[in-house]
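Working through the structure, step by step
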Amino acid sequence: MFRWGVLSTATIGREQVIPQLQDSENGVVTAIASRDHDRARALADRFGAPLAFSSYDELLASDQVDGVYIPLPTSQHVEWAIKAAQAGKHVLCEKPIALHADEIASIIRERDANNVLVCEAFMVTYHPQWRKVRELIGNGAIGRLRHVQGAFSYFNTDPDNMRNQPDLGGGGLPDIGVYPTVSTRYSTGLEPLRVQAVVERDPKFGTDIYASVKADFGDFEMSFYCSTQMALRQLMVFHGEKGFIEVTAPFNAGDYGHPAITLHNRDHEEAQTFRFPGIRQYRLQAEAFVRKARGSNDEIFTLEQSVLNQKFIDAVYRASAHDGWENV
């Protein structure tokens, strides 16, 4: 069994990812680290992990850990991904793995120098829902793709939440804007050429709380918005000349409904729905990661893909500073 260590007791780890790491068929959580030892011990006990450490360095030095999952604040991702790779550990790091595309090069160097697997945790790319979207588009089910429409929003004004703290890498685009971008890139296999954007920042927090984006992919256009201070919503629609695909609960099944895809024909006379009940995308991600770390040919989200996605987000920020197009 692949032995996982977890750096921090962050909410996404303890409520979403760790339970599915424990349920995976090829891995087990053996260690939790926190700067507060009591918190590390409490979380380790909750999930039956034998080891609890009061520093991240201690966990990385342990020979009882094969790889780490990093759900730290975004501003710490690059530092600890590099340290973990240098310690010879495989790394699954929460998104975004960096706040600027050029920061990822240093992680790639350490990945290659230490012969480890390092991945950004875009769990959606392991979900059969998105693999079906990619298949339908690739097979011409909607004909020529003309437009992709997306949305991701929630409401959070807690000043203590890292998403509202710029020093920790907070903001809507790093947190949720990355999902419409990555799912469009994943489904179409194409990259944006240029973008236009409007970005609004909270006057108190300083973080981006709303972004409206238009992207030119050459063969099609994309438009999406994301917000940390709007009503809960997720939406992805792929509109072609022969029909369109609506994706229900595209990123977080449960809170936003049950994952499904509906394929509509051109005249709206027929619709075919594909449902994906009981899918645990964090588990699928973990299992594929472990298999890849052991030498399989599983499709995983590479750091090279991370660079391309972050270039998209970087261009959105640049575009928001002026009218007109910004090259990606």
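Everything discussed here concerns the structure shown above.
Rules used in this analysis
- Residues numbered from 1 in each chain as written.
- Predicted model: local features only at pLDDT ≥ 70, side-chain atom pairs only at ≥ 80, totals over all residues.
- Heavy atoms only, no water.
- Helix = DSSP H or I, 4+ residues; strand = E, 2+ residues; numbered from the N terminus.
- Rg over C-alpha atoms; globule rule 2.2 N^0.38 Å.
- Buried < 20%, exposed > 50% of the residue type's maximum accessible area, 1.4 Å probe, protein only.
- Areas by Shrake-Rupley, 256 points an atom, 1.4 Å probe, with all protein chains shown as cover.
- Lys, Arg positive; Asp, Glu negative; His and termini not counted.
- Charge placed at Lys NZ, Arg CZ, Asp CG, Glu CD.
- Axes fitted to C-alpha atoms, helices over the stretch in contact; angles between N-to-C directions.
- Parallel < 35°, antiparallel > 145°, perpendicular 65-115°, else oblique.
- Contact = heavy atoms within 4.5 Å.
- Nonpolar A, V, L, I, M, F, W, Y, C, P; charged D, E, K, R; others polar.
- Core = buried A, V, L, I, M, F, W, Y, C linked by side-chain atoms within 4.5 Å.
- Pairing = 2+ DSSP bridges.
- Salt bridge = Lys/Arg side-chain N within 4 Å of Asp/Glu carboxyl O.
- Phe/Tyr/Trp six-rings, centres within 6.5 Å; stacked < 30°, edge-to-face > 60°.

1. Side note on the overall build of the chain
- Each helix and strand in the chain was counted, giving 9 helices and 15 strands.
- Relative to the compact-globule value of 20 Å for 328 residues, the chain shows a C-alpha radius of gyration of 20 Å, a close match.
- The principal-axis extents of the C-alpha atoms in the chain amount to approximately 60 × 45 × 35 Å.
- Counting all 328 residues of the chain, 55% fall into the buried class.
- Split by element, the accessible area of the chain, about 13,900 Å² in all, is 46% carbon and sulfur.
- Averaging the coordinates of the 33 positive side-chain charges in the chain and doing the same for the 42 negative ones gives two points 3 Å apart.

2. Quick word on the packing of helix α5 (residues 104-114) against helix α9 (residues 303-319)
- Here α5 crosses α9 at 180°, and the two axes come no closer than 10 Å. Accordingly, the angle class assigned to the pair α5 and α9 is roughly antiparallel. Contacts from I104, I107, I108 and R111 of α5 reach α9 at L303, E304, S306, V307 and Q310.
- Classifying every residue of the contact of α5 with α9 by side-chain character gives 5 nonpolar, 2 polar and 2 charged.

3. So, the nonpolar core
- Of all hydrophobic cores here, the largest spans 72 residues; its most connected members are W4, I32, W130, F238, I245 and F312.
- Core analysis: the next-biggest nonpolar cluster, separate from the first, contains 29 residues, L72, I97, I107 and I108 among them.

4. A closer look at the sheet that holds strand β6 (residues 118-120)
- On the basis of which strands lie adjacent, the open sheet formed by 6 strands has the order β3-β2-β1-β4-β5-β6 and parallel pairing. With partners counted over all chains shown, the strands left at the sheet margins are β3 (51-53) and β6, one partner each. Averaged over all pairs of adjacent strands, the angle between their axes in this sheet comes to 25°, without regard to strand direction.
- As paired elements, strand β5 (residues 90-93) and β6 share 3 bridges and run parallel to each other. Each bridged residue has a counterpart across the sheet, and for V91 the counterpart in β6 is V118.
- Contacting β1 (2-7), β2 (27-33) and β4 (67-70), helix α1 (residues 11-23) crosses the sheet at an angle of about 145° to β2.

5. Considerations on the pattern of salt bridges
- Evaluation of the coordinates by the stated rule reveals 21 salt bridges.
- Of the charged contacts in the structure, one is a salt bridge between R144 and E241, with a shortest N-O distance of 3.8 Å. On the criterion of sequence distance, the pair formed by R144 in the loop between α6 (128-138) and β7 (145-155) and E241 in the loop between β11 (229-240) and β12 (243-248) is long-range, its members being 97 residues apart.
- Residue classification places E241 among the partly exposed positions, given a relative accessible area of 39%.
- Each member of the salt-bridge network shares a partner with another, and the members are R14, E15 and R46.

6. Observations concerning the sheet that holds strand β13 (residues 260-265)
- Taken in spatial order, the 9 strands make up an open sheet running β14-β13-β12-β11-β7-β10-β9-β8-β15, and their pairing is mixed. Because the sheet does not close on itself, it has two edges, and the strands there are β14 (271-275) and β15 (326-327).
- One ladder, built from 4 bridges, connects β11 with β12; its direction is antiparallel. The residue of β12 that forms the bridge with M236 is V247.
- Helix α7 (residues 172-188) contacts β7, β8 (194-201), β9 (208-216), β10 (221-227) and β11 of the sheet and is inclined by roughly 155° relative to β10.

7. Regarding the packing of aromatic side chains
- Per the stated rule, a full pass over the model turns up 14 aromatic pairs.
- Seen from their ring centres, W130 and F251 are 6.4 Å apart, and the 10° between their planes marks the pair as stacked. In this pair, W130 is assigned in helix α6 and F251 in the loop between β12 and β13, connecting sequence segments 121 residues apart. The two residues W130 and F251 agree in class, both being buried.
- Seen from their ring centres, F152 and F251 are 5.2 Å apart, and the 20° between their planes marks the pair as stacked. Here F152 is found in strand β7, whereas its partner F251 is found in the loop between β12 and β13, with 99 residues between them in sequence.
- Residue classification places F251 among the buried positions, given a relative accessible area of 1%.
- These aromatic residues form a ring-pair network of at least three members: F122, W130, F152, Y179, F238, F251, Y256 and F301.

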